[in-house]
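Tertiary structure, described
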Amino acid sequence: MTISTRPVHQEDTVPYDEALSRYEPVMGLEVHVELNTATKMFCGCAATFGAEPNTQTCPVCLGLPGALPVVNATAVESAIRIGLALNCTIAEWCRFARKNYFYPDMPKNFQTSQYDEPIAFDGWIDVEVPANEAGEPPFTFRVEVERAHMEEDTGKSTHVGGSTGRIHGADYSVVDYNRAGIPLIEIVTKPMLGAGDRAPEVAKAYVSTLRDLLRALDVSDVRMEQGSMRCDANVSLMPVGAEVLGTRTETKNVNSLRSVERAIRYEITRHAAILDAGEKIFQETRHWHEDTGITTAGRPKSDADDYRYFPEPDLVPVAPSREDVERLRGTLPENPAERRRRLQAAWGYTDLEMRDVVNAGAVEVIQDTVASGASPAAARKWWTGDLARRANAQGVAVTDLGVTPAHVAELDGLVTGGRLNDSMARQVLEGVVAGEGGPAEVADARGLELVQDDGALQAAVEKVLAANPDVAEKVRGGKVQAAGALIGQVMKEMRGQADAARARELILATLGVDA
Amino acid sequence: MTDATTGSGTSPRDLTRLTAVRMADGLAAGEFTSVELTQAHLDRIERLNPALNAFLLVDADGALAAARAVDEARTAGEELPRLAGVPVAVKDIACTQGLTTTAGSRMLEHFVPPYDATIVTRLRDARMPILGKTNMDEFAMGSSTEHSAFGPTRNPWDLERIPGGSGGGSSAAVAAFLAPLAIGSDTGGSIRQPAAVTGTVGTKPTYGGVSRYGVIALASSLDQIGPCARTVVDAALLHEVLAGHDPLDSTSIDAPVPPVVAAATGTRDLTGLRVGVVKEISGKGFQPGVLTRFQEALDHLRALGAEIVEVSCPHFVYAMAAYYLILPSEASSNLARYDAMRYGLRVAPDGSPSAEQVMATSRDAGFGDEVKRRIILGTYALSSGYYDAYYGQAQKVRTLIADDFRAAFEQADVLVSPTAPTTAFRIGDKMEDPMAMYLNDIATIPANLAGIPGMSIPSGLADEDGLPAGIQLLAPAMEDQRLYAVGAALEARLAQEQGGPVIDRLPEVPETAPEPGRHTAAGTTQEGTA
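Every chain is numbered on its own, with residues counted from 1 as its sequence reads. The lettering of chains begins at A and the numbering of ligands begins at 1, in the order of writing. In view of the model being predicted, local features appear only for residues whose pLDDT reaches at least 70, and side-chain atom pairs are presented and counted only at 80 or more, with totals across whole chains, interfaces and linings using the full set of residues. No hydrogens and no water enter the side-chain calculation; it runs on all heavy atoms of the structure.

Moving on to helix H16 (residues 480-498) of chain B. Residues and elements named next belong to chain B. Taking 1.5 Å of rise per residue, the 19 residues of H16 would be expected to cover 27 Å, and the 26 Å separating its terminal C-alpha atoms lies within 8% of that figure. Taken residue by residue, H16 has Asp 480, Gln 481, Leu 483, Tyr 484, Val 486, Gly 487, Ala 488, Ala 489, Leu 490 and Leu 494 as its buried positions. In this text, helices come from DSSP runs of H or I with a minimum length of four residues, and strands from runs of E with a minimum of two, each type numbered from the N-terminal end. A positive phi of about 75 degrees marks Gly 499, the residue just after H16. Expected span, for any helix, means 1.5 Å times one less than how many residues it has. Each residue is placed in one exposure class: buried if its accessible area under a 1.4 Å probe, protein chains only, is under 20% of its type's maximum, exposed if it is over 50%, and partly exposed if it falls in between.

Here's what the structure looks like:
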């Protein structure tokens, strides 16, 4: 008899490659997006994130007796724009529906949502899956979108006491209704088949593409860590060659791009182990645990879950005119993937460089920096280099450092104009981040400027040569690379305020050596 | 009739006997003050409400403060709305900021809303002192006010009888001169049927004509708020105060308010008017005395110049069944919010119960049997596998009934029927038989299903019991003014022919209710019904 030291809820898995040799994974993703409207879906309360609990509430979003909803027109427009960007058909007429179930964070004990009449349906989006670490090539996968519908968010429950942070075992729970009634769009894919072993990567790429798209539409903050974009991942396996879909599980709480990939990967290996053992998958929700990298059982979920949907009688149907839909189509931004391809070509970046730029969230700022006069190479160097490191260290977005594209363009101008060298430029940037002013201002205040006068530089060169006759001799004898040590000393003499290239020229000229 | 000068003692006669129009004119002319008028009503409430139980809450301070403010404004020469200073009673289904609002339920016994319903705001804007909140069947489910958690309201015509429901409190208050005007809500007849059995006037406006914001929902697609009054023109004045578009109610109609006051004060000549008698709701199962008064009313309409035609609405036979699927379905969802989590009654079982257990225990303790019955019915009807057969089918019937009305209104300008099949029955008589109770609304329900306006005015007293009967008038959507034009003409003719308004024949209301006897005992035993 063997004694397992695993935690009790750790289930058997089989190695990923082995699982994929026998089963075809099928995924379905449900992404909830909180819209960035000023007010909630059905009332005039502010919809901002992070306010004192229960300060952004009113009779409507608290579900007080007698309160009635009124649809937020901006949210409907956002929903239509999302639907159009996902190549969906926009309903000519659709209704809200009540999804009835009891839960303390849901004030009315029904969620006003859409059921069989979504605002947008039957769309698709092409997802570019990058090359992976195993050396498999990039490819494009078309994700079919079943629907995008409007609904309201619930309040946010916090379970206090107990060890899991979940409702079971908690001593008590508190609810913040600020989130109740925030407009949500739920985007549901059709079953995603045929991605094989790349399925988890496809899922991650899909969510990432969706995030870029929603950001470009400016309809949501799409901050997964703040919950303004949330993903539920349905996974099932079917034996290779089979035609009938297997039983699925729905993994919740998948709140980063990396988790999307990991959670699906884990579920594939877990399902495979169960199926290998000849057992059946239990249809249920699963909870993803970021720290341990596993899922645990949630509540049973069957297709017979009965929410007693019926058309919301307190609201009138939404019937966007075709003129309005076309007007909104005219407001759609360029598709982010196409735009990236266009910019990469214009800027002359390699695939790897472009990926760094995208990962740093720096496409926009680089575009603005180039528009302000900097070279694409310099713009990339600053935004994905020094500034990205600083942002990373401070845990903020690169755009939140207080450095503008105009600042970076100005800084680049100072370098190419010969006023600053690279290390001086970095010091100037530090001053800009510290709020000391624009680059030129900081350079002036800190007295940072390359010495342009060859007289002072020549004096320094001669002083250094006199102090190092042996090194000077080596250089004279043809060992040009030895000049490096001399340049360093000259720069030190000049307190860094010299152009190193000019110093090298003068050293070689003084020693009578050809460059 | 009483001529007592109770209370302030300053009024030369009982001001409560006046019509709302006369009250408004008297206030405008300086014959009396709003404080005097309001105090007269408060005095009468104090004297008679213990027997009637029409009011669940009396806000004497609030009403008098509002009255005083009107009097001061009038003295200062301010321009005031027509009904400024005329007091009003509000059914306890409308939220009143700072005033307990119970909907007749134990669940909300101590619920004090932090906001006013739109119609309450409109009453305040009209400068009408609010006397208090009137009794009703719990969450407006009932036709007798016996389903109130706070005891039945008694009919001022006979304290052993019901005042109709669900708005029995409002109609009893108006009939007993405790208030000249009151607010009701009508989901299947809750304004019209109480009006009929108390000898008063009540209107259910076109669906969407009056805001529902802040009015506790029973069935969202059927509920409509309207006026209760003693005369047609009084009802029209209150109707115009309440009506009009409200951006807070998505189902509220954004169109001009039908000119109901003009219609109620216009010509009494009905020449050329086509009046349709709806065959399906004007005979079978109706009390003979009710039918006799109805037939006479038709003669009077003819005498006024109208042409009487018979129309058929073949799908009305399914109206009751459809109504008792749609209403419980919507109600089961609307009443889900009463879960003890944020407000309302909370009853926790012993130990350390889960939220779910607290919800269940509280709902068990807070809701009465009729409410539970309808929640269960609605939950069942909406369940997957049953939805199409029940809720879905009922919605189809609804469309057919609307089609019936459309066809009928091609043959007639207004439709008529007796409002309720019987006069007021005895308290307790129908508590054991929900189906018999539901049948009270057989003639009123179709209007709610179709969203059209309806009105009940007194047709006289039934010969066999001397109790009031009502005639119902129906008009196409947003043609509410037709009800008032026909109602006012018929009202005047009936008064002329019957020797005065029906309400003038109201006997003196006793100050004490009869001891609970054979009939009333059942009224307090709300358990165990099928």
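The structure having been displayed, the exposition proceeds.
Residue and element names in this part refer to chain A. Domain segmentation is taken from an automatic or database assignment of domains. Structurally, chain A comprises domain 1 (16-324), domain 2 (336-446) and domain 3 (454-510). With centres defined by C-alpha atoms, the gap from domain 1 to domain 2 works out at 36 Å. Listed as interface residues are 4 residues of domain 1 and, on the opposing side, 4 residues of domain 2. Carbon and sulfur atoms make up 49% of the area that domain 1 and domain 2 hide from each other, which totals about 400 Å². On the domain 1 side of the interface with domain 2, the three residues burying the most area are Glu 128, Asp 212 and Leu 213, jointly 70% of the side's total. Of the charged contacts, one joins Asp 212 and Arg 340 as a salt bridge, the two residues approaching to 3.1 Å between their closest N and O atoms. The definition of a polar contact used here is a pair of N or O atoms within 3.5 Å, where within protein one atom must be able to donate a hydrogen and the other to accept one, and adjacent residues in sequence count solely through side-chain atom pairs. At the surface where domain 1 touches domain 2, the tally comes to 2 residue pairs in polar contact (both at pLDDT 80 or more). Broken down by element, the side of domain 1 that touches domain 2 gets its largest block of residues, 3 residues, from helix H3 (residues 199-217). Residues of the side of domain 1 that touches domain 2, tallied by class, amount to 2 nonpolar, no polar and 2 charged. Note on definitions: a residue-residue contact is assigned when non-hydrogen atoms from the two residues lie within 4.5 Å. In short, buried area is how much 1.4 Å probe accessible area vanishes from two parts on joining, totalled over both. We count a salt bridge whenever a side-chain nitrogen from Lys or Arg sits within 4 Å of a carboxyl oxygen from Asp or Glu. Side-chain classes follow a simple rule in which Ala, Val, Leu, Ile, Met, Phe, Trp, Tyr, Cys and Pro form the nonpolar group, Asp, Glu, Lys and Arg form the charged group, and the remainder, Gly included, forms the polar group.

Quick look at the nonpolar core now. Definition used in this section: a nonpolar core is a set of buried Ala, Val, Leu, Ile, Met, Phe, Trp, Tyr and Cys residues joined via side-chain atoms within 4.5 Å. Ranked by size, the top nonpolar core spans 209 residues in total, and within it Ile 187 and Tyr 206 of chain A together with Ile 119, Leu 123, Phe 139 and Tyr 484 of chain B carry the most contacts. The greatest single-element share of this core, amounting to 10 residues, is contributed by H3 of chain A. Beyond its immediate stretch of four places on either side in the chain, Phe 139 of chain B contacts Ala 103, Ser 105, Leu 108, Ile 216, Leu 218, Leu 335, Tyr 338, Phe 367 and Val 371 of chain B.

Between two packed helices, what matters for the description is the angle formed by their axes and the separation of those axes. All names here are of chain A. As a packed pair, helix H9 (residues 376-394) and helix H10 (residues 405-416) sit with axes 10 Å apart at the nearest point and diverge in direction by 115 degrees. Judged on the interaxial angle alone, H10 and H9 are roughly perpendicular. Crossing angle aside, the handedness with which H9 passes H10 is right-handed. Touching Ala 378, Trp 382, Trp 383 and Leu 387 of H9 are Pro 405, Val 408, Leu 411 and Asp 412, all from H10. An axis is simply a line fitted to the C-alpha atoms; with a helix, the fit covers only the stretch in contact. Between two such axes, the angle follows the N-to-C directions and lies from 0 to 180 degrees. For classification, angles of less than 35 degrees are called roughly parallel, those exceeding 145 degrees roughly antiparallel, those between 65 and 115 degrees roughly perpendicular, and all remaining angles oblique. Two helices cross in a left-handed way if the nearer one is turned anticlockwise from the farther one by less than a right angle. They cross in a right-handed way if the turn is clockwise.

All names here are of chain A. Here we have 9 strands laid out as an open sheet, ordered S2-S5-S6-S9-S1-S10-S11-S12-S13, and mixed in their pairing. Where the open sheet ends on each side, the last strands, each with one partner, are strand S2 (89-90) and strand S13 (294-300). In the sheet, strand S11 (residues 249-254) pairs with strand S12 (residues 284-289) via 3 bridges, with the strands oriented parallel. Each bridged residue has a counterpart across the sheet, and for Lys 252 the counterpart in S12 is His 287. Any two strands between which DSSP finds at least two bridges are classified as paired.

Residue and element names in this part refer to chain B. Across the 6 residues of strand S4 (residues 181-186), 6 count as buried, placing the element largely inside the fold. Inspection of the sheet shows strand S2 (residues 88-91) paired to S4 by 2 bridges, in the parallel sense. Paired with Ala 89 across the strands is Ala 182, a residue of S4. In this sheet, strand S6 (residues 224-229) lies alongside S4 in antiparallel orientation, the contact comprising 6 bridges. Opposite Gly 184, over in S6, you have Gly 226 as the bridge partner.

Moving on: helix H14 (residues 469-476) of chain A. Along an α-helix, residues three or four apart share an orientation, since each turn contains 3.6 residues. All names here are of chain A. Listed in full, the buried residues belonging to H14 are Val 471, Ala 472 and Val 475. Looking down the long axis of H14, one finds its buried residues gathered within 100 degrees of arc, a one-sided arrangement. Exposed side chains of H14 directed beyond 90 degrees from the buried face belong to Pro 469 and Asp 470. In this structure, the buried residues of H14 make contact with helix H13 (454-467), helix H15 (483-493) and helix H16 (500-510). Of the residues trailing H14, Gly 478 is marked for its positive phi of about 110 degrees. The arc in question is traced by the directions running from the helix axis to the C-beta atoms.

Working definition: rings of Phe, Tyr and Trp (its six-membered ring) pair if their centres are within 6.5 Å, and the pair is stacked with planes under 30 degrees apart, edge-to-face with planes over 60 apart, and tilted otherwise. Scanning all chains against the criterion turns up 20 aromatic pairs over all chains. Summarising the aromatic geometry, the rings of Tyr 115 of chain A and Tyr 309 of chain A are spaced 3.9 Å apart at their centres and angled 10 degrees between planes, so their arrangement reads as stacked. Taken together, the positions of Tyr 115 of chain A in the loop between strand S4 (110-113) and strand S5 (120-129) and Tyr 309 of chain A in the loop between S13 and strand S14 (310-311) put the pair 194 residues apart, joining distant regions of the chain. With a relative accessible area of 40%, Tyr 115 of chain A lands in the partly exposed category. Summarising the aromatic geometry, the rings of Phe 310 of chain A and Tyr 391 of chain B are spaced 5.6 Å apart at their centres and angled 70 degrees between planes, so their arrangement reads as edge-to-face. Of this pair, Phe 310 of chain A sits in strand S14 while Tyr 391 of chain B is found in helix H13 (residues 388-411), placing the two residues in two different chains. For the pair Phe 310 of chain A and Tyr 391 of chain B, a shared accessibility class is recorded, and that class is buried. Every member of this aromatic cluster is reached through a ring pair, and the members are Phe 111, Phe 139, Tyr 338, Tyr 343 and Phe 367 of chain B.

Moving on, we come to the interface of chain A and chain B. If you look at the interface, chain A gives 32 residues, while chain B gives 38 residues. Summed over both partners, the interface of chain A with chain B buries about 2,700 Å², with 59% contributed by carbon and sulfur atoms. Of all residues in chain A, Pro 65, Leu 68 and Arg 308 of chain A give up the largest surface area on contact with chain B, accounting jointly for 22% of the area buried on that side. Inspection of the chain A/chain B interface yields 1 salt bridge. Of the charged contacts in the structure, one is a salt bridge between Asp 314 of chain A and Arg 212 of chain B, with a shortest N-O distance of 3.1 Å. The interface formed by chain A and chain B holds 18 residue pairs in polar contact (both at pLDDT 80 or more) in total. Listed by contribution, the elements that provide at least two residues to the side of chain A that touches chain B are strand S3 (97-100) and S14 of chain A. Class assignment of the residues belonging to the side of chain A that touches chain B gives a composition of 23 nonpolar, 4 polar and 5 charged.

All names here are of chain A. Between H13 and H15, the least distance of the axes is 9 Å, while the angle of their chain directions is 125 degrees. One element, H13, and the other, H15, form an angle in the oblique class. Relative to H15, the crossing made by H13 is right-handed. Across the interface between the two elements, Leu 457, Ala 460, Val 461, Lys 463, Val 464 and Leu 465 of H13 pack against Leu 486, Gln 489, Val 490 and Glu 493 of H15. By residue class, the composition of the contact of H13 with H15 is 7 nonpolar, 1 polar and 2 charged.

A full pass over the atoms with the stated rule returns 66 salt bridges over all chains. With its nearest N and O atoms 2.7 Å apart, the salt bridge here joins Glu 370 of chain B to Arg 374 of chain B. Of this pair, Glu 370 of chain B and Arg 374 of chain B both sit in helix H12 (residues 369-382), 4 residues apart, roughly one helical turn. Arg 374 of chain B matches Glu 370 of chain B in its accessibility class, with the two residues each being buried. In this structure, a network of salt bridges that share partners links the residues Glu 11, Glu 267, Arg 270, Glu 284 and Arg 286 of chain A.

It is worth spelling out the sheet that holds strand S5 (residues 201-204) of chain B at this point. Residue and element names in this part refer to chain B. Strand order in the open sheet formed by 11 strands is S1-S3-S2-S4-S6-S5-S10-S11-S9-S7-S8, and the pairing between neighbours is mixed. If you trace the sheet from one side to the other, it starts and ends with strand S1 (55-58) and strand S8 (307-311), each paired once. Averaged over neighbouring strand pairs, the angle between their axes works out to 30 degrees when direction is ignored. Sitting on the sheet, helix H7 (residues 232-242) touches S4, S5, S6 and strand S10 (454-461), and the angle it makes with S6 is about 145 degrees.

Summary: where empty space remains is shown by rolling a probe the size of a single water molecule over the atoms. Residues and elements named next belong to chain A. Points on a 1 Å grid over protein atoms alone make up a cavity when a 1.4 Å probe fits among them but cannot get out, and a pocket when they form an open set with protein on both sides within 12 Å along at least five of seven lines; lining residues each have an atom within 4 Å of a point. Grid points are joined across faces, edges and corners, and a volume is the space filled by probe spheres set on the points. In total, this model carries 7 cavities of 30 Å³ or more according to the counting rule given. By volume, the largest cavity is sized at about 190 Å³. Phe 42, Val 60, Cys 61, Lys 108 and Glu 152 are, among the 24 residues lining the largest cavity, the residues nearest its centre. For the lining of the largest cavity, the element with the most residues is S4, which contributes 3 residues. Its residues assigned to classes, the lining of the largest cavity comprises 11 nonpolar, 5 polar and 8 charged.

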